[in-house]
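Notes for the structure review
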Amino acid sequence: MAFIRRRRLERELYSKERFSLLLLNLEEYYFEQHTANHIINKDCKDERKFRGSLKICSKSIIFEPDDSIKPIIKIPLRDCISIKAPEDNEGNNPFTRDTSGRISVLCSQVFLIKERNIIAPYKTVRGRTEYLFQLDVAVKVGDVVQTLHQLYRASCLDKMGDQAAMKPVVQITLQNVRRIYKRRHGLMPLGLEVFCTENDLCSDIYLKFYNYQDRDEVYFLIATYIENHIAEHTAESYMLQWQRGHISNYQYLLHLNNLADRSCNDLSQYPVFPWIIADYSSSVLDLTKPETFRDLSKPVGALNQERLDRLLTRYQEMPEPKFMYGSHYSSPGYVLFYLVRVAPEYMLCLQNGKFDHADRTFNSIAETWKNCLDGATDFKELIPEFYENDPSFLVNILKLDLGKRQGGKIVEDVELPPWASGPDDFLQKSQEALESQYVSEHLHEWIDLIFGYKQKGSEAVAAHNVFHPLTYEGGVDLNSIMDPNEKVALLTQILEFGQTPKQLFTTPHPQRIIPRSKSLSRTSSHSVSIAESPVSPNEESFEDLTEESITLAWNNIAKLKLDKQYKIHKEAITGIAVTCNGSSVFTTSQDSTLKMFSKESKTIQRSVSFSNMALSSCLILPGDTTVISSSWDNHIYFYSVAFGRQQDILMGHDDAVSKICWRDGRLYSASWDSTVKVWHCVPGETLTNKKHHFELLAELEHDVSVNTINLNAANTILASGTKDGTISVWDVTAATMLHQLPCHSGTVFDAAFSPDSRHLLSTGEDCCFKVIDVQTGMLISSVTTDEPQRCFKWDGNTILSGAQSGELLIWDLLGGKVIERIKGHTGAVMSMWMNEQCNSVITGGEDKQIMFWKLQY
């Protein structure tokens, strides 16, 4: 990941520099440096001088010798007894000022770091010791000593921010800024992450502000200035791409981490990835067996029932605020536990100059997994590096002395499971596991725990997913704490003991759509081999051929061309229905007529008026013998094609009927009377003048007028859109509402299920497309349009829509952009019909015309 790449780049660029900000303490600032000598055995025959750089920091004095054999000297200001110029004899005050070139520091403790330029635990020298430094520019001694006196007093007070009068300056050219993100830091909105061009040394900068107003102002100024700023996407936009297989599980998790303010530049909020594999003992990893995988519906702490029972007993007996787990699943300590071999200096910084005990170091994948299952306080998840291509964090490339384990074994490379032939193979198999079908089917359950609705509240309690209150945003208001010591302690706990990601979802996350074993990609032919195919190599089923032709059509939908156009009505066309053989086209219009147009003779063969009110939609029943039309006069009319006359009337509503659908002998009618009604229709016998028999099966009530309806392929779920922008999803078999969402800010013009019935797309007068996950009812995507789109057809990925302007627009839904604009009507496109093969389209417009469109491959 970027963290390891950056560490490698830093080692290459700064191989001769041993000092880094990692030598500083939490909330410590590096101010300035002075070329100086470290004097040993002063005024003696064997007096020696070691040239180097004296660095002034807010909590320490650091001397970095030019000779890399010599150790870096770090003197904590709190351990200083006196800071003065040696020649000064004024009074008994040990803290004095002089203009001599020498500065004497008497201290009780000092740390020696990187002796012989080896990354190793710091050496601590205790006892009263004097260190003498001589600045090259003697006149600066007075200012340096005065600064050190001020910093000494501030370090004793522990008041954060008092040392921040001076700050190092980093200059970035705005034209190099690639993108910027607002970040949460210490559970407060104070962070800003700046990404520059890859070749820039400042390619990743993480800034912390003291208040969110300053952070937001800087963000606004930079985002306004830079031309190539990449705007942040929403979790929903990535969700749809992931659901439909356009991005991998790995990519989706990275996007979610980024949206939840997890960054590789902030070890306290490092990206979190799940343990996937549960088998670290077999010689062969079998990804077809469910038992190979970890249960993704449970947090790590709940994977071992026996341990969970003990934790729940303690939880029940605990006073408020209660928590189940005292440690977190992600913290700087856990991140560096995994990365100690590539980031040893970070570990030394975190642990006050020490590596962890050899037996607690990251020694073995299997041991680490076992401890996460059985350990009383170990509930950690993984980091992205386990699913990437750089195995360096598993190998002791730097030859670090990480100690000896009990039994005398030296800590070297990480021990891998038997099924991995080496580090590269381990990562390859881990990637395969992450992208496996089992994980794709269950990853949403883990997302619910970490980023979703099971992160907080009663759902978290039910899922056994409750952590210490300080790990959650809002758990404490640091700005309200006036005591500096308490503030430092709480901030330290927040930064070092783990932070729960920002919550991205408050409803159940939808499951990923798993393609059938035999399927077509959008850019290629069959994605399975002949051996896996249920049909022989020399034959294809009719269903497969139809599916292939549909895919081919949608891949070429931008090649849609106008074939013919005819003005056949006096007002806007509201509905289109076509006979099975495609020879006759029936249309309804606001001019109150139903017309039958012959494609062969290019003439109107029938024109029927049922009343003086507008007709709103039409459909043709199987067998092509009856056409049904809905009217603003509250009625639904049945017209016999064979006998050329009105056959029946259904007076079933108290206001205009806006849309009708027919499936399997049932009629579904939507009305401005705020209802959708389901009717069972028994066809009449025209020759004996027997009428249809209508039986009302269900009435689906709404708060306002219903403008459109649509059924899924299985005829089990109905979607309705109202004039106030509400989308409702109904189980028509039980006549119950499944979901209701205020999707649009105006009338819903059209709504339709995807071919697999997993998603529902709607469009409204608010110039937006909205996508709902049918299973969960979650709004997962929103695309803004330049003008209202009145009607559409879609295949789950691409949309063909009719615009208010009369154009036909082709949309890449996942990319949220228009692929093609096709000139069409001179007024709004009011209705659209598409054949089963999706290669022929008829549109009806406000301009009173019908237009015939064909794909030209």
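Residues numbered from 1 in each chain as written. Predicted model: local features only at pLDDT ≥ 70, side-chain atom pairs only at ≥ 80, totals over all residues. Heavy atoms only, no water.

**Things to note about the overall build of the protein chain**
Helix and strand counts for the protein chain stand at 14 helices and 38 strands. Out of the 857 residues belonging to the protein chain, those deemed buried represent 56%. Within the protein chain, contacts between residues separated by at least 24 positions form 57% of all contacts whose residues are at least 6 apart in sequence. With the model as given, the accessible surface of the protein chain reaches about 38400 Å², and the carbon-plus-sulfur share is 49%. (Helix = DSSP H or I, 4+ residues; strand = E, 2+ residues; numbered from the N terminus. Buried < 20%, exposed > 50% of the residue type's maximum accessible area, 1.4 Å probe, protein only. Contact = heavy atoms within 4.5 Å. Areas by Shrake-Rupley, 256 points an atom, 1.4 Å probe, with all protein chains shown as cover.)

**Some details on helix α11 (residues 437–450)**
The terminal C-alpha atoms of α11, which comprises 14 residues, lie 21 Å apart, in line with the 20 Å expected from a rise of 1.5 Å per residue. Most pronounced at Leu443, the bend in α11 amounts to some 40 degrees. α11 sits mainly inside the fold: 10 of its 14 residues count as buried. Buried residues of α11: Tyr438, Val439, Ser440, Leu443, His444, Trp446, Ile447, Asp448, Leu449 and Ile450, and no others. On its buried side, α11 packs onto α4 (235–243), α5 (249–259) and α10 (423–434). (Expected span 1.5 Å × (residues − 1). Bend = angle between axes of the 7 residues up to and from the residue.)

**Describing a negative patch on the surface**
Side chains of Asp654, Asp655, Glu699 and Glu701 sit close together on the surface and give a patch of like negative charge. Residue placement: Asp654 occurs in the loop between β19 (645–650) and β20 (657–663). On the basis of relative accessibility, which here comes to 69%, the residue Asp654 falls in the exposed class. (Patch = residues over 30% accessible without salt bridge, like charges linked within 9 Å, V, L, I, M, F, W, Y side chains within 5 Å. Salt bridge = Lys/Arg side-chain N within 4 Å of Asp/Glu carboxyl O. Lys, Arg positive; Asp, Glu negative; His and termini not counted. Charge placed at Lys NZ, Arg CZ, Asp CG, Glu CD.)

**A look at helix α9 (residues 365–374)**
Of all the residues in α9, the buried ones are Ile365, Thr368, Trp369 and Cys372. Axial view of α9: buried residues confined to an arc of 100 degrees, hence all on one face. Contacts from the buried residues of α9 go to α6 (305–317), α7 (332–339) and α10. (Arc of directions from axis to C-beta.)

**Quick word on the side chain of Thr587**
Tracing the sequence through the fold places Thr587 in strand β13 (residues 584–589). According to the relative accessible area criterion, Thr587 is buried, its value standing at 0%. Reaching out from Thr587, the side chain makes a polar contact with the side chain of His569 at a distance of 2.7 Å. (Polar contact = N/O pair within 3.5 Å; in protein donor to acceptor, adjacent residues only side chain to side chain.)

**Considering the environment of Met651**
Along the chain, Met651 falls in the loop between β19 and β20. Judged by relative accessible area, which is 62%, Met651 ranks as exposed. In this structure, the C-alpha to C-alpha distance between Met651 and Tyr637, residues 14 residues apart in sequence, is 8.8 Å.

**Digging into the packing of α5 against α11**
Running from amino to carboxyl end, α5 crosses α11 at an angle of 15 degrees, the nearest separation of the two axes being 11 Å. As judged from the angle between their axes, α5 and α11 are roughly parallel. Crossing hand, α5 versus α11: right-handed. Every residue of α11 that contacts α5 at Asn249, Tyr252, Leu253 and Leu256 is listed here: Val439, Ser440, Leu443, Trp446 and Ile447. A per-class count over the contact of α5 with α11 returns 7 nonpolar, 2 polar and no charged. (Axes fitted to C-alpha atoms, helices over the stretch in contact; angles between N-to-C directions. Parallel < 35°, antiparallel > 145°, perpendicular 65-115°, else oblique. Left-handed = near helix turned anticlockwise from the far one by under 90°. Nonpolar A, V, L, I, M, F, W, Y, C, P; charged D, E, K, R; others polar.)

**Overview of the confidence of the model for the protein chain**
Chain-level pLDDT for the protein chain is 88 on average; 89% of the residues reach the 70-or-more range. Note that pLDDT drops below 50 for residues 158–168; the model gives that stretch 25 contacts with residues more than four away or on any other chain. (pLDDT = per-residue confidence, 0-100.)

**Remarks on the nonpolar core**
Phe386, Phe451 and Phe505 are the most contacted members of the largest nonpolar core, which has 113 residues in total. In terms of residue count, the dominant contributor to this core is α11 (7 residues). (Core = buried A, V, L, I, M, F, W, Y, C linked by side-chain atoms within 4.5 Å.)

**Quick word on the packing of α4 against α5**
Where α4 meets α5, the axes come as close as 10 Å, and the angle between the chain directions of the two elements is 175 degrees. When the interaxial angle is binned, α4 and α5 end up roughly antiparallel. Across the interface between the two elements, Ala235, Tyr238, Met239 and Trp242 of α4 pack against Asn249, Tyr252, His255, Leu256 and Leu259 of α5. Among the residues making up the contact of α4 with α5, the classes are represented as 7 nonpolar, 2 polar and no charged.

**Regarding the pairing of strand β22 (residues 675–682)**
Remember that side chains alternate between the two faces of the sheet whenever the strand is regular. The element β22 is extensively covered by neighbouring structure, given that 6 of its 8 residues are classed as buried. Pairing geometry for strand β21 (residues 666–671) and β22, over 5 bridges, is antiparallel. Opposite Tyr668, over in β22, you have Val678 as the bridge partner. Where β21 folds back on β22, the antiparallel hairpin that results is connected by 3 residues, among which Ser674 adopts a positive phi of roughly 75 degrees. (Pairing = 2+ DSSP bridges.)

**Some words on the pattern of salt bridges**
If you walk through the whole model with that rule in mind, you get 23 salt bridges. Ionic pairing is found between Asp425 and Lys429, a salt bridge with its closest N-O pair at 2.7 Å. Residue Asp425 and its partner Lys429 are both found in helix α10; the two are separated by 4 residues, about one turn of the helix. Its relative accessible area of 19% is what places Asp425 among the buried residues. Linked by salt bridges that have partners in common, Arg183, Glu193, Asp261 and Lys502 make up one network.

**Topic: the sheet that holds strand β12 (residues 573–578)**
Taken in spatial order, the 4 strands of this open sheet run β12-β13-β14-β15, and their pairing is antiparallel. Taken across any chain shown, the strands that pair with only one partner, and hence form the sheet edges, are β12 and β15 (603–609). Averaged over all adjacent pairs, the angle separating strand axes in this sheet is 20 degrees, with direction ignored. Relative to β13, β12 runs antiparallel, the two sharing 5 bridges. Its bridge partner lying in β13, Ile573 is registered against Ser589.

**Looking at unusual backbone geometry**
The linkage connecting Glu320 with the following residue, Pro321, adopts the cis geometry, with an omega of -5 degrees. Inspection of the secondary structure assignment puts Pro321 in the loop between α6 and α7. Despite not being glycine, Leu187 shows a phi value in the positive range, around 65 degrees. With respect to the element layout, Leu187 can be found in the loop between β8 (177–185) and β9 (188–196). Among the residues examined, Leu187 registers a relative accessible area of 9% and is labelled buried. The backbone of Ser757 sits at a positive phi, close to 65 degrees, despite the residue not being glycine. Along the chain, Ser757 falls in the loop between β28 (748–753) and β29 (759–764).

**Let's talk about the packing of aromatic side chains**
Under the defined criterion, the tally for this structure stands at 32 aromatic pairs. Residues Phe597 and Phe852 carry aromatic rings whose centres are separated by 6.1 Å and whose planes lie at 35 degrees to one another, so their mutual orientation is tilted. Here Phe597 is found in strand β14 (residues 593–598), whereas its partner Phe852 is found in strand β38 (residues 849–855), with 255 residues between them in sequence. An aromatic cluster of three or more residues is present, and its members are Trp275, Tyr280, Phe337, Tyr338, Phe362, Trp369, Phe386, Phe393, Trp419 and Phe426. Sitting above the plane of the Phe195 ring, Arg179 keeps its charged end 4.2 Å from the centroid. (Phe/Tyr/Trp six-rings, centres within 6.5 Å; stacked < 30°, edge-to-face > 60°. Lys NZ or Arg CZ within 6 Å of the ring centre and 35° of its normal.)

**Comments concerning the side chain of Glu381**
Note that Glu381 resides in the loop between α9 and α10. According to the relative accessible area criterion, Glu381 is buried, its value standing at 3%. In this structure the side chain of Glu381 is engaged in a polar contact, spanning 3.0 Å, whose partner is the backbone nitrogen of Trp275. Of note is the side chain of Glu381, whose polar atom sits 3.0 Å from the side chain of Arg294. When neighbours within four sequence positions are excluded, Glu381 is seen to be in contact with Val272, Phe273, Pro274, Trp275, Arg294, Val300, Tyr329, Tyr338 and Trp446.

**As for the pairing of β15**
Here β14 pairs with β15 via 6 bridges, running antiparallel. If you follow Lys595 over to β15, its bridge partner there is Ser607. Counted between consecutive antiparallel strands, the loop separating β14 from β15 contains 4 residues, among which Lys602 sits at a positive phi close to 60 degrees.

**Looking at the sheet that holds strand β34 (residues 808–812)**
Across the sheet, which stays open at both edges, the 4 strands sit in the order β32-β33-β34-β35 with antiparallel pairing between neighbours. Lying at the two open borders of the sheet, with one neighbouring strand each, are β32 (789–794) and β35 (817–822). Here the average twist between neighbouring strands, direction ignored, is 25 degrees. Sheet topology note: the β34/β35 ladder contains 5 bridges and is antiparallel. If you follow Leu808 over to β35, its bridge partner there is Ile822.

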